[in-house]
Amino acid sequence: EGIARSKSIRYIKINNLSNDGFTSIVRALGSLSQLEELTIGEINNVGPDGWSHLLSLLGSGVCKLKMFHLYRNNYMGNEGVDVLSNGLRGIGSSLKELVLEDNSIDSGGLSTLVEALQTCTSLETLVISYNDFSSAATVTGMGVLSNGLRAIGSSLNKLVLNAIRIGNEGLSTLVEALANCTGLKILSLSHNDFSSATAGLGSLSDWLLRDEVNLNELDLEYCGINDGGLHALVGGATNQCRELNLQRNESITTLGLSYLSNSIRSNSCRVEFLGLKGIPIGDDAMEVLAQGLVGNQSLISMDFGDDISVTSAGSFSRALCDTSSVNNTYLSNHTICEVFPEDVTQDISRYLQLHDKHPQYAARCKILMKHRHLDMTPLFHWGLKFLPLAVAWFERAKPCTSLTIEDYDSSLRRRVLEESDEA
């Protein structure tokens, strides 16, 4: 009764209610024309009559919702989708965010839903994951969804299609529709089987290379991607995305990681977070990845998942600070600030902190840490001309003597140069 009388409620989340309680709340919502956001959580013991009242509410057009979330374990089925679709048509252009996750919607329900989505021309977020869209693996099935995406067009900035059985042909068809979604920032396709989707992943890469595309996040976790698929994907993915999640693609080997390594070494790489958890990265694979990190100027965070071996840690440490020469130290990676797992060696911890807290001095500090006696002989052929340059370099490096980072074994702070055995 209190809800029904309210003139101020704009957001409601229904969670952990019996069928009677759920039904009573939904009935009360029928008088809330100002309601903008409705979330149905994961734990509600709702029967058919409860869903009937909810779907009738949506179909009435009383509430011009901007956001509707229907989360897991809430059975809707195709009959419910029919009513929901009528509701979406009533809501129309006011709807900004739609989440239908694990609601027992199959391919038939998808067709009905997509027809209604074509009226939601202001939709910004669409999540329809963990529903059994078996036909999504085919050109015909994904073509149905693609028609809806074309109608939504540039307003869409987040699309989540996890675990809906998109295959190679379905992925290629989806990519064609994405050409209309020029405002898309986040794309998640995790838990779809792309083990035979080299062509589809190549189409995705080509789309990412288009000038009008501005995708920031690409999630391809647990997609069965192999070396060939990764080779087809990385050119566009590393040139476009700031966050690239490739976790748990266990078929990727050292060969596939070599393709990734070449791409992240490119000056055009924009990736800031790289998720590799669950990919078998042995010592040889880490050495290959480390080669790509040298000179990379974009990566900030990497997730390897499991503990790395002493040999792999050595390869990664050299990528952050190659002590073989002053020039190689200068050309090392100076941008990575965060690595998972967090239990890393003292040297790696020091470099990561230096990148994070004092990025403008990272290269100079490493040179002073690791090259106690600088060899000036190569500069002698310049005569006295090199002296002003050398003096200016040391002047700019002066702050390195007072910079601090956290001590490896405590919460105390230590000066950066005192952390080095050679300083």
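Computed from a prediction, not measured in an experiment: that's the story for all the values here.

1. Re the overall build of the protein chain
When helices and strands are counted, the protein chain shows 16 helices and 14 strands. Each principal axis of the C-alpha distribution contributes one length, and for the protein chain these read about 85 × 50 × 40 Å. Every one of the 423 residues in the protein chain was classed for burial, and the buried ones make up 48%. Long-range contacts, defined here as pairs at least 24 residues apart, represent 80% of the contacts in the protein chain between residues at least 6 apart. Carbon and sulfur atoms form 48% of the exposed surface of the protein chain, whose accessible area is close to 18900 Å². With 33 positive and 49 negative side-chain charges, the protein chain shows a spacing of 9 Å between the two charge centroids.

2. Quick notes on the packing of aromatic side chains
Per the stated rule, a full pass over the model turns up three aromatic pairs. The interplanar angle of 85 degrees and the centroid separation of 5.7 Å between the aromatic rings of Phe-304 and Phe-316 together place this pair among those described as edge-to-face. Placement of the pair is Phe-304 in the loop between β11 (301-303) and α12 (310-320) and Phe-316 in helix α12, with a sequence separation of twelve residues. Here Phe-304 and Phe-316 have matching classes, each one buried. Pairing Trp-393 with Phe-394 gives two aromatic rings, centres 5.1 Å apart and planes at 85 degrees, and the pair type is edge-to-face. A relative accessible area of 22% means that Trp-393 is categorised as partly exposed. Here Lys-366 stacks its cationic end above the ring of Tyr-351, 5.5 Å away from the centre of that ring.

3. A word on the state of the cysteines
Simply put, disulfide is the name for a covalent bond between the sulfur atoms of two cysteines. Under the criterion given, the structure shown has zero disulfides. We note that Cys-181 lacks a disulfide partner, and the nearest cysteine sulfur, in Cys-120, lies 14 Å from it. Look at Cys-181 and you get buried, because its relative accessible area is 2%.

4. Focus on the pairing of strand β1 (residues 11-14)
When a strand is regular, its side chains alternate between the sheet's two faces. Only one face of β1 is buried: it carries Ile-12 and Ile-14, and the other face, with Tyr-11 and Lys-13, is open. One ladder, built from four bridges, connects β1 with strand β2 (residues 37-40); its direction is parallel. Residue Ile-14 lies in a different strand from β2, and its bridge partner there is Ile-40. Traced from β1 through helix α2 (residues 19-29) to β2, the parallel crossover comes out right-handed.

5. Some remarks on the confidence of the model for the protein chain
On average, the protein chain scores 88 in pLDDT, and the residues at 70 or more come to 94%. The model gives residues 419-423 a pLDDT under 50, and that stretch makes twelve contacts with residues more than four places away or in other chains.

Thresholds, definitions, all that
- Residues numbered from 1 in each chain as written.
- Predicted model: local features only at pLDDT ≥ 70, side-chain atom pairs only at ≥ 80, totals over all residues.
- Heavy atoms only, no water.
- Helix = DSSP H or I, 4+ residues; strand = E, 2+ residues; numbered from the N terminus.
- Buried < 20%, exposed > 50% of the residue type's maximum accessible area, 1.4 Å probe, protein only.
- Contact = heavy atoms within 4.5 Å.
- Areas by Shrake-Rupley, 256 points an atom, 1.4 Å probe, with all protein chains shown as cover.
- Lys, Arg positive; Asp, Glu negative; His and termini not counted.
- Charge placed at Lys NZ, Arg CZ, Asp CG, Glu CD.
- Phe/Tyr/Trp six-rings, centres within 6.5 Å; stacked < 30°, edge-to-face > 60°.
- Lys NZ or Arg CZ within 6 Å of the ring centre and 35° of its normal.
- Disulfide = S-S within 2.5 Å.
- Pairing = 2+ DSSP bridges.
- Right-handed = clockwise from strand over helix to strand, strands pointing away.
- pLDDT = per-residue confidence, 0-100.

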